[in-house]
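Structural features, examined
Residue strings, one per chain:
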Amino acid sequence: MAKSQSEENSKQESFGTAKVYINNAKSILNKATGFIDYYDFTLNPYRGCQYGCSYCYAAAFSPNSKMRQDWGNWVIIKQNAVEILEKELQKWQKKNPDKPASIYMSSVTDPYQPIESKQMLTRGLLEAMVKYQPILVIQTRSPLIAKDVDILQQFRRLRINMSIPTGSEQVRKDFEPRTPSISARLKAIETLKRNIRYQESHWIRFSVTITPLLPTFPEDEVDFIRKLEIVDRVVIQEFHPTQTRSLVAGTRQEAENIKQKYSWWYDNEQLNYLQFKEKLDLLLSGVEIKEGKAGFGFE
Ligand code: SF4
């Protein structure tokens, strides 16, 4: 009987509560589609994600249904990622000498999930990329990104998107209990902004992506929104539609169950979304507020 892809990934060790597998990727730059089709490529250093957010649509891209059910408890390291990236960027440059590739890192994993502190694979990819100077977006919810300030500041065209879907810690703990606190994420942005040595020709911007927009308790709202003044752009988006088919990206059932606890918000979701957006517009006059796909563009 043929082995499944997950069985072919030899189990290497554990990291925290996660099973860790290693794998050789066939390619590392994949054509960007859907809400990030503005970019040429997506780049996912890992497969799977230790954060295991309840609403994560990326679980749909697990190697099999067992791993999909176990989302958050495994990660696959693409051990040859740096080598492959180097080859793929060389090929791009040969074909497109005057056009840098635009890359969105990452679409179905968090490049700074906990294992990055040990593996430093994302860092290796940044080191490989910097000489090609792609247009680069990094999407994460991890303060670990701040450790790479020395290399990040060498990119001439960089946007860092920090995911913060709620301003209330209790809501975060319900929907994404394994992730860093809201304050740690905001602090990471501040640290990066403070420590980056800006050069005139470099264009480095910061966004907070409130995607999907989760409830924020009324008493936390104003304080949270005011703290977002540190970024250039705030992006909001509703949940992806719920999907039950395993290979279709959508909000997971786990999140649908947690939503029951927040019926005060979800019973009037459309209205609450609009009112939250109005507050962003009102309180963040110097910040660009964008919705959905429009917020994920580079400029
Ligand atoms: S951090 Fe991102 S990729 Fe990881 S589980 Fe959460 S939503 Fe999914």
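Residues numbered from 1 in each chain as written. Predicted model: local features only at pLDDT ≥ 70, side-chain atom pairs only at ≥ 80, totals over all residues. Heavy atoms only, no water.

**Thoughts on the environment of K87**
Rule in force here: The helix count covers DSSP runs of H or I at least four residues long, the strand count covers runs of E at least two residues long, and both are numbered beginning at the N terminus.
One can find K87 in helix α3 (residues 81-95). Between the C-alpha atom of K87 and that of E169, which follows or precedes it by 82 residues, the distance is 43 Å.

**Some details on the pattern of salt bridges**
Put simply, the test is: Salt bridges are counted wherever a side-chain nitrogen of Lys or Arg sits within 4 Å of a carboxyl oxygen of Asp or Glu. Exposure categories follow from relative accessible area, calculated using a 1.4 Å probe and restricted to protein chains: below 20% of the type maximum is buried, above 50% is exposed, and the middle band is partly exposed.
With the rule as written, the count across this model stands at 22 salt bridges. As a salt-bridge pair, K99 and D40 come within 3.3 Å of each other at their nearest N and O atoms. Taken together, the positions of K99 in the loop between α3 and β7 (102-105) and D40 in the loop between β3 (29-31) and β4 (41-43) put the pair 59 residues apart, joining distant regions of the chain. Overall, the relative accessible area of 42% leaves K99 in the partly exposed class. A salt bridge links K227 to D223; the shortest N-O distance between them is 3.0 Å. Remark: D223 and K227 occur in helix α9 (residues 218-227); sequence separation between them is four residues, near one turn of the helix. You can call K227 partly exposed: its relative accessible area is 41%. Members of the salt-bridge network, linked through shared partners, are E116, R123, E127, K147, D148 and D150.

Function cannot be read off these values alone, since they describe shape.
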